[in-house]
Amino acid sequence: MTVQNPLRRPTISLIVPAYNEEAYLPACLDAIMQNVAGKAIEVIVVDNNSNDGTRQVIERYPGVTYQFEPRKGITRARQCGYLAARGEILAFVDADTHPPAGWIDQIWEQFGAKKDLACLSGPYSFYDLSGLRNKVSRGWFVVARPLYSMIGYIIVGGNFAIRRDVLDKMGGFDRTIEFYGEDADIARRAGQHGKVLFSPSFVMPTSGRRMQSQGYLKMAYLYMINYLSIAFRGKPATVGYIDVR
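A few points on the structure. Values in this document were obtained by computation on a predicted structure and should not be read as measured data. (Residues numbered from 1 in each chain as written. Predicted model: local features only at pLDDT ≥ 70, side-chain atom pairs only at ≥ 80, totals over all residues. Heavy atoms only, no water.)

## Overview of the overall build of the chain
Item 1. Within the chain one finds 9 helices and 9 strands.
Item 2. Taking 2.2 N^0.38 as the reference for a compact globule, 245 residues should give roughly 18 Å; the C-alpha atoms of the chain span a radius of gyration of 17 Å, in line with that estimate.
Item 3. C-alpha atoms of the chain, sized along the principal axes, occupy 60 × 45 × 35 Å.
Item 4. Classification of the 245 residues of the chain by burial places 53% in the buried group.
Item 5. Here the chain displays about 11200 Å² of accessible surface, and carbon together with sulfur accounts for 54% of that area.
Item 6. The distance from the centre of the 29 positive side-chain charges to the centre of the 23 negative ones in the chain is 5 Å. (Helix = DSSP H or I, 4+ residues; strand = E, 2+ residues; numbered from the N terminus. Rg over C-alpha atoms; globule rule 2.2 N^0.38 Å. Buried < 20%, exposed > 50% of the residue type's maximum accessible area, 1.4 Å probe, protein only. Areas by Shrake-Rupley, 256 points an atom, 1.4 Å probe, with all protein chains shown as cover. Lys, Arg positive; Asp, Glu negative; His and termini not counted. Charge placed at Lys NZ, Arg CZ, Asp CG, Glu CD.)

## Things to note about the sheet that holds strand β4 (residues 89-93)
Item 1. Spatially, β3-β2-β1-β4-β7-β5-β8 is the arrangement adopted by the 7 strands of the open sheet, whose pairing is mixed. Two strands close off the open sheet at either side, each with one partner strand: β3 (64-68) and β8 (195-198). Across the sheet, the mean angle separating the axes of adjacent strands is 20° when strand polarity is ignored.
Item 2. Where strand β2 (residues 42-47) and β3 come together, 5 bridges link them in parallel fashion. Each residue of the ladder has a partner; that of Val46, found in β3, is Gln67.
Item 3. Along the sheet, helix α7 (residues 182-190) contacts β5 (117-121), β7 (159-163) and β8; its crossing angle with β7, the most-contacted strand, is approximately 30°. (Pairing = 2+ DSSP bridges. Axes fitted to C-alpha atoms, helices over the stretch in contact; angles between N-to-C directions. Contact = heavy atoms within 4.5 Å.)

## A word on the pattern of salt bridges
Item 1. In the structure shown here, the tally under the stated rule is 13 salt bridges.
Item 2. Here Arg86 ties to Glu42 by a salt bridge, and the two come within 3.4 Å at their closest N and O atoms. Here Arg86, found in the loop between α3 (74-84) and β4, pairs with Glu42, found in strand β2; they are 44 residues apart in sequence, far enough to count as distant.
Item 3. Residue Arg86 is classed as exposed on the basis of its relative accessible area, which comes to 56%.
Item 4. A relative accessible area of 9% places Glu42 in the buried class.
Item 5. Measuring nitrogen to oxygen at the nearest pair gives 2.9 Å for the salt bridge that ties Arg55 to Glu59. Here Arg55 pairs with Glu59, and both are found in helix α2 (residues 54-59), just 4 residues apart, close to one helical turn.
Item 6. Overlapping salt bridges bring together Glu21, Asp96, Arg209 and Arg245 as one network. (Salt bridge = Lys/Arg side-chain N within 4 Å of Asp/Glu carboxyl O.)

## Overview of the pairing of β7
Item 1. With 5 of 5 residues buried, β7 lies mostly within the body of the structure.
Item 2. Alternating residues of β7 divide into Asn159, Ala161 and Arg163 and Phe160 and Ile162, and every residue in both groups is buried.
Item 3. Pairing analysis gives 5 bridges linking β4 to β7, with the strands arranged antiparallel. Each residue of the ladder has a partner; that of Leu90, found in β7, is Ile162.

The following block contains the structure:
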């Protein structure tokens, strides 16, 4: 009989969906190479049918695995990464994030300490918003805390880690969801197989470009209405979205 080492850390695959991200992806991969690559068993970037230089950026990093998903859409890119990955835990970040030192260690710590943990997420900080704008943007996570306490789950799509066996039980990602609400859907369905933890210390630096482009109030409204729609109706409230690059 094989005896498993209880101290063995689970393997982690890091997955980065990317659509036309030649401008932001290099800084993301630089941060990954510095802070994550030596600890994750693989780094996968899913090129979601980009028509810019995204593939050429990926090819500059020999430690990164390139995957191509021809059907545009974040859930389809996530599904592609999930099917290609080998890790016991799959961590997802966006192409405009800068994964910091200690981030992957928190994944090990949280999943090691909480055997019923299905999914881990945490808030963003915004490296290209300063002063009041950054505080206003981060205020969404303060407002969301009571909802998290009431409903029991919340994640952000550019900063979460999920057990592979949980994803298997979920049947993967819901590829019928185009954009808004897809993170709430992941959290809702993962919560059926364990705890979904939103940790304030599990912070991911990211770009505030979408809020700058579309407006703070509009983005807060879209995220909130789709979160509530997923929670109470099981489907997003909106379908259309704008690519901000």
